[in-house]
Every structure is written in structure tokens, then in C-alpha cells.
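# Analysis of the macromolecular model
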Amino acid sequence: MEISVIIPVYNKAAFLDSCFDSIFKQDFGEFEVVAVDDGSTDGSGDCCDAWAAREPRLRVCHVTNGGVTAARRIGVELSRGRYIMFVDADDALTPGALQTMYDAIERCGADEVIGTYDDQHGRRHDSGLRGKVVPERLIGDLLAVRSRFCVLWGIIFKRELLDGCLNAPREIVEREDSLMQIKCLMKGPEVYFIEEAPYVHVEDVPNTRCERLDWIRIYDEELRLTLLPQWERYRSLFVLHQIKVYEKFIDNRQFYVLDDYYRPLRGQLSADIPLMDRIALLLPPRLSYLLVHYYKKLIRLAKGR
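The structure presented is a predicted model; accordingly, all values stated were derived computationally and were not measured. (Residues numbered from 1 in each chain as written. Predicted model: local features only at pLDDT ≥ 70, side-chain atom pairs only at ≥ 80, totals over all residues. Heavy atoms only, no water.)

### Observations concerning the overall build of the protein
For the protein, the count of helices and strands is 11 helices and 12 strands. Against the 2.2 N^0.38 benchmark of 19 Å for 305 residues, the protein shows a C-alpha radius of gyration of 20 Å, consistent with a compact globule. When its C-alpha atoms are laid out on the principal axes, the protein stretches across 60 × 40 × 35 Å. Residues classed as buried in the protein amount to 53% of the 305 residues present. Contacts in the protein between residues at least 24 apart in sequence constitute 79% of all its contacts with a sequence separation of at least 6. (Helix = DSSP H or I, 4+ residues; strand = E, 2+ residues; numbered from the N terminus. Rg over C-alpha atoms; globule rule 2.2 N^0.38 Å. Buried < 20%, exposed > 50% of the residue type's maximum accessible area, 1.4 Å probe, protein only. Contact = heavy atoms within 4.5 Å.)

Have a look at this one:
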């Protein structure tokens, strides 16, 4: 088996037909799909089973809800492919995606190959990166929350690279894709970027989940442990990442988080942290809200969204 496509599924019944259809129309010869129904309550599991009944390349595993990272780990453990690709249940592959990604990773011999992607409106999202890119640059972009490349989907991995990278705690429910990719990149893999877009990412799917501070503490500790082997290199970027998450809390008017968790960061600021982020942390939370909220609004307007 050459490629295993892993799909974590949680309450995405409205999207599954188009997702599966895009995959099983691929012209690549040797692939399988492992869908992990993560305790769905909207009929997603039944939809997966219906597809499996008529599509022999699909295997479905039903598990108690354990979160997307655990679902991906289970999928990888059940898979047989030399290479792994992840597809979210509300997204799709473009025609010829599997062949394109397979040809690229066979040709360059990298540990992971990253493509560009389209959104559901047909807009191309391109980081501009091409060829070999050092992992340190990508880790820096992920920590600074400025990455414009595919973080987990739109990528083909050598399965060995994923060993030990899918073990994040259950409480991590936001930015788990970035954490997993950082775990991979900390191994020092060869990463290769291509121009082609193998993936369609559906943007702005409603998400009513509200982050909790106890989850953030767990995330930060897992991220710190991941970066520890090169801590001096990434210390300031780790602080910047914490500030970026703080700004998200402030934008949601969760002002209490400064005193409950983030105030000690004021003593860890350095000149290599962008001035705007330093100001956002140093201002009183309600003033910081004005800075953060309207800056983000300007960014969205600039992007036409």
C-alpha cells in the first residue's frame, strides 16, 4: 500500500459525501482511506458505514470521542501505507492530488512534501515557498502564528516521521495541527514545497468552541516540552506564541486571563518580539482590546473578508 488517507470525523455529516467523492475519484492506483468516527452524534458514523459498504478502499473505525489528534493517531495505527495524508471531513482533495503528491515525494525523497491549497471559493492560497525549506524557519512561522502554508492537510508524510507526534493530551483542541507539525519539524526532517494545490479547504466553518485557560496551560506545557531540546533558539518565539494566544482571549473580551495566567510574561519581553505585541501585553486589557480588535478588523478588510 502506497498512500493511506486518514480522515478524523466528528459531526460532519453535511460534508462527508463531497469529501469521500473527491477522494474516491482520484486516479491514483494504490491507496486506502481510514475514517475514524470520533463519537459523532449527527449521523456521520452511519454515512461513513454507507460509503464503506460500497467502497472497498474505505475502512471505518468507530471510537468514543477522544479528540481529533487521538482520531488521527488511531487512523495512522490502523493504516498500511508507506505515506500518510490527512484530510479533514469538511474538506476535499483536488483532482489528481494523490498522484501529484506521490510523484513529488518519490522524486525529491523528502520526509514531507507540502502543497498549496484552494478554498471553497476557488481562491488559491500560496505561501510562495518552493523546494527545500529548513524546519527552523517553519517552526518560527508556526510559533509566531504567521504561517501561510498548509500545516497538516495538503501534505504527504513519510509515515515514520509521524512516530511520537500524535500524542497530544485530549484537552488540546485548538492549534493541535500546529503542535503536531512542530513535533515533526523538531526531528529535523527534509521538507519540500511544491506549487501544485492538492487540497480544497473549506474556510469559516462555524466553531462555537471557546478556549479555556486550563486547556491553554496544558498546551503551553506540551509545546514547551517539544521545544526543550532547542530551547535557547525558540525561547522568545515561545513567548510570542503565548502573547498571540493572549491577544485572542482579549479580542473575545476575556480580560481576566491577564492576572490569571499571562501577567508574568511582561517580565519576559525582549526586543525580538514585535513592538505591537509587546504593547498589547503591556497595556491594560481593555485598552489592549481596542488595539487588537481593530487591528484584526483592518487585516480582514485588507483580505476582503
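Don't stop here, the text continues.
### Observations regarding the nonpolar core
Ranked by internal contacts, the top residues of the largest apolar core, which has 96 residues, are I3, I7, F20, L227 and Y262. Of the residues forming this core, the biggest block, 11 residues, is contributed by helix α8 (residues 231–251). Not counting residues within four places of it along the chain, the set of residues in contact with L227 comprises I139, L143, I182, M186, Y234 and F238. (Core = buried A, V, L, I, M, F, W, Y, C linked by side-chain atoms within 4.5 Å.)

### Considering the environment of I3
Mapped onto the secondary structure, I3 falls in strand β1 (residues 3–9). Along the chain, I3 and V257 lie 254 residues apart, while their C-alpha atoms are 44 Å from each other. Filtering out sequence-adjacent residues up to four positions away, I3 remains in contact with F28, E30, F31, E32, G81, Y83, M85, L98, Y102 and I156.

### Points about the sheet that holds strand β2 (residues 31–38)
Spatially, β3-β2-β1-β4-β10-β6-β11-β9 is the arrangement adopted by the eight strands of the open sheet, whose pairing is mixed. What marks the edges here is a single partner per strand, and that holds for β3 (58–63) and β9 (131–133). For this sheet the average axis-to-axis angle between neighbouring strands, irrespective of direction, equals 25°. Sitting on the sheet, helix α2 (residues 44–54) is in contact with β1, β2 and β3, with an inclination near 155° to β3. (Pairing = 2+ DSSP bridges. Axes fitted to C-alpha atoms, helices over the stretch in contact; angles between N-to-C directions.)

### Concerning a nonpolar patch on the surface
A cluster of nonpolar residues, L287, L290 and Y294, forms a patch on the protein surface that exposes about 300 Å² of accessible area. Within the secondary structure, Y294 is located in helix α11 (residues 285–302). The class for Y294 is partly exposed, based on a relative accessible area of 44%. (Patch = residues over 30% accessible without salt bridge, like charges linked within 9 Å, V, L, I, M, F, W, Y side chains within 5 Å. Areas by Shrake-Rupley, 256 points an atom, 1.4 Å probe, with all protein chains shown as cover. Salt bridge = Lys/Arg side-chain N within 4 Å of Asp/Glu carboxyl O.)

### A word on helix α10 (residues 275–282)
All of the buried residues along α10 are D277, A280 and L281. Taken around the axis of α10, the buried residues stretch over an arc of 95°, which confines them to a single face. (Arc of directions from axis to C-beta.)

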